[in-house]
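In case you want the letters, here they are:
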Amino acid sequence: MKLLKYTFALLLSVTVASCSTDNDDNSSEDLSGQTGELTLKFDNGVGDQDFIFGTSYNKSNNESFKLETLKYIVSNVRFTDSEGNVFMYPTEENAFIINELDGNTAGEIYVTLNDVDAADYVSVTFGIGIDQDRFLLGAEGQGAFLDEASEEGMLWSWATGYRFVRLDGTYSSDTVTDEPVNIHMGSVGTSLDNYREVTLPFPNTVLVRETTTPEVHIKADIAKVFDGTTTVNFADGYDQVHTDNVETPIIADNVSGMFSVHHVHND
């Protein structure tokens, strides 16, 4: 009986040592020189509902809204790994228009990033809009994105700068029906800076490798544009938001709080 116990204990110690060795090998994996793809999937919703054009959604103060345009600019995408290192996607390619019209049948808009440094990433940071440094590079510094933004209606027609968010539709309340809503939040040159950044932790580590293409599912809750850090009402003037230096920063702050990572796939 004692011999059996000693034999079992010996086997157990060998197994533990073997597992420990495997873990050490994994932790010392050499990723130098490796790159891979990483896909961000933006999924717009309203609260716990899917977003659908023309659908009426309730907000506070007995108001509701329907949208026919939903698009926003994301830029300066970067990732932080488990050791605190930051990988910034190349600046000249690091601005994207998330347009609900571009969504697949599940309403997801894909942004695939190539040649991302292989690492174990724990969070993503990105800006909503275009920062002042990039804006001050002028037309040449914007590259092809300037034309794309123009085609998508994401430039001001009467001022200098980008529209960061564009929501067009109608709202209704106890007293009005289908009144126009136009939320066009952005910066105006250097005089009004509404650029905001958000950092989202991953629920599990994103493993970028040569042989895998992880997908990060980012939810955007459009309800928080109106019922976010600050609750705003259409009847109080937030049905038409453009370049006002009081209204637009409030919308900018609300928008920066509408994002969260729902889940991650390491495929």
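What counts, and where the lines are drawn
- Residues numbered from 1 in each chain as written.
- Predicted model: local features only at pLDDT ≥ 70, side-chain atom pairs only at ≥ 80, totals over all residues.
- Heavy atoms only, no water.
- 1 Å grid on protein atoms, 1.4 Å probe; cavity = no way out; pocket = protein on both sides within 12 Å on 5 of 7 lines; lining within 4 Å.
- Points joined across faces, edges and corners; volume = space filled by probe spheres on them.
- Nonpolar A, V, L, I, M, F, W, Y, C, P; charged D, E, K, R; others polar.
- Patch = residues over 30% accessible without salt bridge, like charges linked within 9 Å, V, L, I, M, F, W, Y side chains within 5 Å.
- Areas by Shrake-Rupley, 256 points an atom, 1.4 Å probe, with all protein chains shown as cover.
- Salt bridge = Lys/Arg side-chain N within 4 Å of Asp/Glu carboxyl O.
- Lys, Arg positive; Asp, Glu negative; His and termini not counted.
- Charge placed at Lys NZ, Arg CZ, Asp CG, Glu CD.
- Buried < 20%, exposed > 50% of the residue type's maximum accessible area, 1.4 Å probe, protein only.
- Phe/Tyr/Trp six-rings, centres within 6.5 Å; stacked < 30°, edge-to-face > 60°.
- Helix = DSSP H or I, 4+ residues; strand = E, 2+ residues; numbered from the N terminus.
- Lys NZ or Arg CZ within 6 Å of the ring centre and 35° of its normal.

Looking up the chain in an unreviewed UniProt entry gives the name MbnP family protein, with the organism given as Lacinutrix gracilariae.

A. Main features of empty space enclosed by the protein. As enumerated under the stated definition, the model contains one cavity of 30 Å³ or more in all. Approximately 40 Å³ is the volume found for the largest cavity. As for the largest cavity, its lining consists of I130, Q132, F135, G161, Y162, F164, S187 and G189. Here the lining of the largest cavity is composed, by residue class, of four nonpolar, four polar and no charged.

B. The arrangement of a negative patch on the surface in detail. Negative charge collects at one region of the surface, where E37, E92, E93, D115 and D117 lie side by side. Residue classification places E92 among the exposed residues on the basis of a relative accessible area of 62%.

C. Spatial organisation of the packing of aromatic side chains. Counted according to the given criterion, the structure contains 14 aromatic pairs. Between F126 and F259, the ring centres sit 5.2 Å apart and the planes meet at 90°, which makes this aromatic pair edge-to-face. Here F126, found in strand 8 (residues 119-128), pairs with F259, found in strand 14 (residues 259-265); they are 133 residues apart in sequence, far enough to count as distant. Per residue, the accessibility class of F126 equals that of F259, and both read buried. By way of ring pairs, the aromatic residues F51, F53, Y57, F65, Y171, F226 and F234 are connected into one cluster. One residue, K59, lies across the ring of F234, its end atom 5.1 Å from the ring centre.

D. Inspection of the pattern of salt bridges at higher detail. Applying the stated criterion across every chain, the model contains 10 salt bridges. E108 is the partner of K41 in a salt bridge, and the nearest nitrogen-oxygen pair spans 3.9 Å. On the criterion of sequence distance, the pair formed by K41 in strand 1 (residues 35-46) and E108 in strand 7 (residues 108-117) is long-range, its members being 67 residues apart. Just as K41 is buried, E108 falls in that class too. Between E152 and K71 there is a salt bridge, and its shortest N-O distance comes to 2.9 Å. Within this pair, whereas E152 is found in the loop between helix 4 (144-151) and strand 9 (163-172), its partner K71 is found in strand 4 (residues 64-81), the two being separated by 81 residues in sequence. Overall, the relative accessible area of 10% leaves K71 in the buried class. Among the charged side chains, a salt-bridge network with shared partners connects K41, E108 and E215.

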